[in-house]
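Residue-level structure breakdown
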Amino acid sequence: MDAFRPSDALVALLRGPGPILALTGAGVSAESGLATFRGPGGLWEGHDPAALATPEAFARDPLLVWRFYAWRRARAAEARPNAGHLALAALERARGDVRVVTQNVDGLHERAGSPSVVRLHGSLWTLRCVGDGTEKEDFRADLGALPPRCGCGAFLRPGVVWFGEALPEREIREAFDLARRARLVLVAGTSSLVQPAASLPRIARDAGAYVVEVNPDETPLSASVDERLAGPSGAVLPRLAEAAGAAVDRTG
Ligand code: BJW
């Protein structure tokens, strides 16, 4: 027995019919070398999130906020998907009824081959004009030290969802819909603190889903899940994908 061996009930669900939802957070990218937000060594350690991740912060000090995101883009561009990302992509290929809903903005699920990721908090690789709202994708790692300007003259900002901002409507609607229909929910690498994403597992469980938390540490969700697999997602998710019969590349 070890701490992250799936139960027989979970293995049966992984092999059986019914949609699976994987809700992921920053912890899933930790083994790719990207810092999480909270906890020791997290991005918010020693920083006030309100000074970096709010529309007010960007309005007050666009250079500071841009520098933070320019650094994040560079780190994400260097990173590679790890065995956890690859396992979810393999599970999706093997079953066809698995969807990844992520709070992450790094693009690593997509780079691992997950075909239709629901991005709740936007993307580091999208830029949005603060003036006319137009969006464009830009995958260059280095866009310089100053926020670029839109054709209309206003600054372009990172296309991520900051505190106090609404999540993208289509994505949040789809995520709630997937939660209500899921038979199994894998909640991996999130502190389950940030709303509304944190409410998805409870909605799924109320609708009858079996909810599993994959996280080395306990979270506010831990007490109300059906099963906890207390290990790193890069080790646990490949086991789950293999239990479902998926061929997993563990190299990352
Ligand atoms: C591992 C691991 C390994 C480590 N393997 N695991 C009270 C109730 C309801 C809402 C609120 C409330 N008070 C305030 C709010 C609102 C607020 C909120 O939820 N705040 C909370 C902090 C309390 N929410 C919002 O503002 C949201 N919008 C909103 O509510 O809009 C309302 C509205 C409606 C209509 C019109 C207008 C407004 C928006 C939230 C946006 C969050 N944005 C950020 C930044 C995105 C851009 C960026 O990347 O910079 O999103 S904040 C940050 O937190 C980021 C993340 O996506 C998000 C979640 O973090 P996550 O992923 O859980 O990471 P961590 O670091 O917290 O946890 C990592 C976990 O991994 C840990 O548990 C580790 O143990 C684990 N781990 N290694 C597996 N190897």
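Residues numbered from 1 in each chain as written. Predicted model: local features only at pLDDT ≥ 70, side-chain atom pairs only at ≥ 80, totals over all residues. Heavy atoms only, no water.

**Focus on the site of the ligand**
The ligand sits among 32 residues. The nearest are Arg-38, Tyr-69, Arg-72, Thr-190 and Ser-191. Here Glu-165 contributes a backbone N or O atom positioned 2.8 Å from a nitrogen atom of the ligand. Within the backbone of Ser-233, a nitrogen or oxygen atom sits 2.9 Å from a nitrogen atom of the ligand. In the complex, the protein chains occlude 72% of the 1,500 Å² of accessible area that the ligand would expose alone. The residue inventory of the shell around the ligand, partitioned by class, reads 15 nonpolar, 12 polar and 5 charged. (Near = heavy atom within 4 Å. Polar contact = N/O pair within 3.5 Å; in protein donor to acceptor, adjacent residues only side chain to side chain. Areas by Shrake-Rupley, 256 points an atom, 1.4 Å probe, with all protein chains shown as cover. Nonpolar A, V, L, I, M, F, W, Y, C, P; charged D, E, K, R; others polar.)

**Description of the sheet that holds strand β3 (residues 118–119)**
Strand order in the open sheet made by the 6 strands is β3-β2-β1-β7-β8-β9, with parallel pairing throughout. Bordering the open sheet on either side are β3 and β9 (227–229), each of which pairs with just one other strand. Pairing analysis gives 2 bridges linking strand β2 (residues 98–102) to β3, with the strands arranged parallel. Among the inter-strand pairings, Val-101 is bridged to a residue of β3, identified as Val-118. Along the sheet, helix α5 (residues 83–95) makes contact with β1 (20–24), β2 and β7 (184–188), crossing β2 at roughly 150 degrees. Here helix α9 (residues 233–243) sits on the sheet in contact with β7, β8 (210–214) and β9, set at roughly 145 degrees to β8. (Pairing = 2+ DSSP bridges. Helix = DSSP H or I, 4+ residues; strand = E, 2+ residues; numbered from the N terminus. Contact = heavy atoms within 4.5 Å. Axes fitted to C-alpha atoms, helices over the stretch in contact; angles between N-to-C directions.)

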